[in-house]
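# Overview (structure and organization)
Here are the chains, one letter per residue:
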Amino acid sequence: MNRSNNSHDAGSQDAAPQAGRNAGPGRLLVAVYAIFALAATARAAFQILTKFEHAPLAYLLSAFAAVVYIVATVGLARSGAGAYRVSVAAVGVEMVGVLAVGLFGLIDPAALPEDTVWSGFGSGYGYVPLVLPMIGLWWLYRHREDARR
Amino acid sequence: MSVDPLFLVGALVCLVSVVLCIGAAALKQGPNDLTILSAAAVELFLLVYGGASLLRLAGGQGIAGAAWEFWGYLLTALIIPVGAVWWSLMDRSRWSNIVLSAVGITVFVMLFRMEQIWDGANLL
């Protein structure tokens, strides 16, 4: 990993990122995000194409979650400061989303009658949607020097 | 309640693949023939499962749940091993084996859901 022993790393503006955010265990993170992007997209597409009138709000939320996962996957996979900011935004939205939808389901279960990836704090997916953004944010924090590259 | 024998075969294929891939990663090996072929075996199983499902439909059995959802799950599941094997050809580090092990885990969960949709009941 990059140890930031001096804050102004002189020669690193254009150098290829070495052992960074998207290498090693970071690749596993990208892979899990890719699986969730795929699963959420397929599920949202199925819900919207077959029974959109049934619960439009819940299905639009599913589609939104799918987009967030796709953006997060791309952001985590790519190098550079821009991709880093995109990852922080996407993973942050995901964290807020899973907490908000989970809490909302507890307060007013009737408002979102159909399940989304984020319902019940992601209980339908083994709570992975809840744990994943925590790991993602921690990983991004550990590689925060990428933001200045 | 009888369990579909094909489901047991699939669960076994996934389990063997996961054990091989995690084992290889634990031994600090990059993806090799064994781990890549085990992910390919999961793909092969899914193709057989899809074929068998078509035969069962042709033989007069129906999907209890939504047919759309069943085939959607199957098509999505078919993409996963292909993506992981492609990944393992790009990335020769041992983390690639962990990515390959995600194939067995994910496909097992999806197979479980497909069985639930087919039977229209909860397996648990």
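Looking at an unreviewed UniProt entry, one finds chain B named Integral membrane protein and attributed to Arthrobacter yangruifuii.

An unreviewed UniProt entry annotates chain A as Integral membrane protein originating from Arthrobacter yangruifuii.

Residue and element names in this part refer to chain B. Contact geometry for helix α1 (residues 5-26) and helix α2 (residues 33-58): axes closest at 9 Å, N-to-C directions at 165 degrees. Here α2 runs roughly antiparallel to α1, going by the angle between their axes. Considering only the axes of α1 and α2, their crossing is left-handed. In this structure, α1 contributes Leu-6, Val-9, Gly-10, Val-13, Cys-14, Val-16, Ser-17, Leu-20, Cys-21 and Ala-24 to the contact, and α2 contributes Leu-34, Thr-35, Ser-38, Ala-39, Ala-41, Val-42, Phe-45, Tyr-49 and Ala-52.

This next bit is on helix α4 (residues 95-119) of chain B. The end-to-end C-alpha separation of α4(B) is 37 Å, in line with the 36 Å expected for 25 residues at 1.5 Å each. Looking one or two residues beyond α4(B), the residue adopting positive phi is Gly120(B), at roughly 65 degrees.

Residues and elements named next belong to chain B. As annotated in UniProt, the feature "transmembrane region" (unreviewed entry) corresponds to residues 6-27, 34-58, 70-89 and 96-114 in the numbering used here. Secondary structure content for residues 6-27 is 95% helix and 0% strand, while the C-alpha to C-alpha distance between its ends is 32 Å. The span residues 70-89 is 100% helix and 0% strand, and its two end C-alpha atoms sit 30 Å from each other.

The rules we used
- Residues numbered from 1 in each chain as written.
- Chains lettered and ligands numbered in written order.
- Predicted model: local features only at pLDDT ≥ 70, side-chain atom pairs only at ≥ 80, totals over all residues.
- Axes fitted to C-alpha atoms, helices over the stretch in contact; angles between N-to-C directions.
- Helix = DSSP H or I, 4+ residues; strand = E, 2+ residues; numbered from the N terminus.
- Parallel < 35°, antiparallel > 145°, perpendicular 65-115°, else oblique.
- Left-handed = near helix turned anticlockwise from the far one by under 90°.
- Contact = placed C-beta atoms within 7 Å.
- Expected span 1.5 Å × (residues − 1).
- UniProt positions renumbered as here; feature names shortened; annotations may be inferred.

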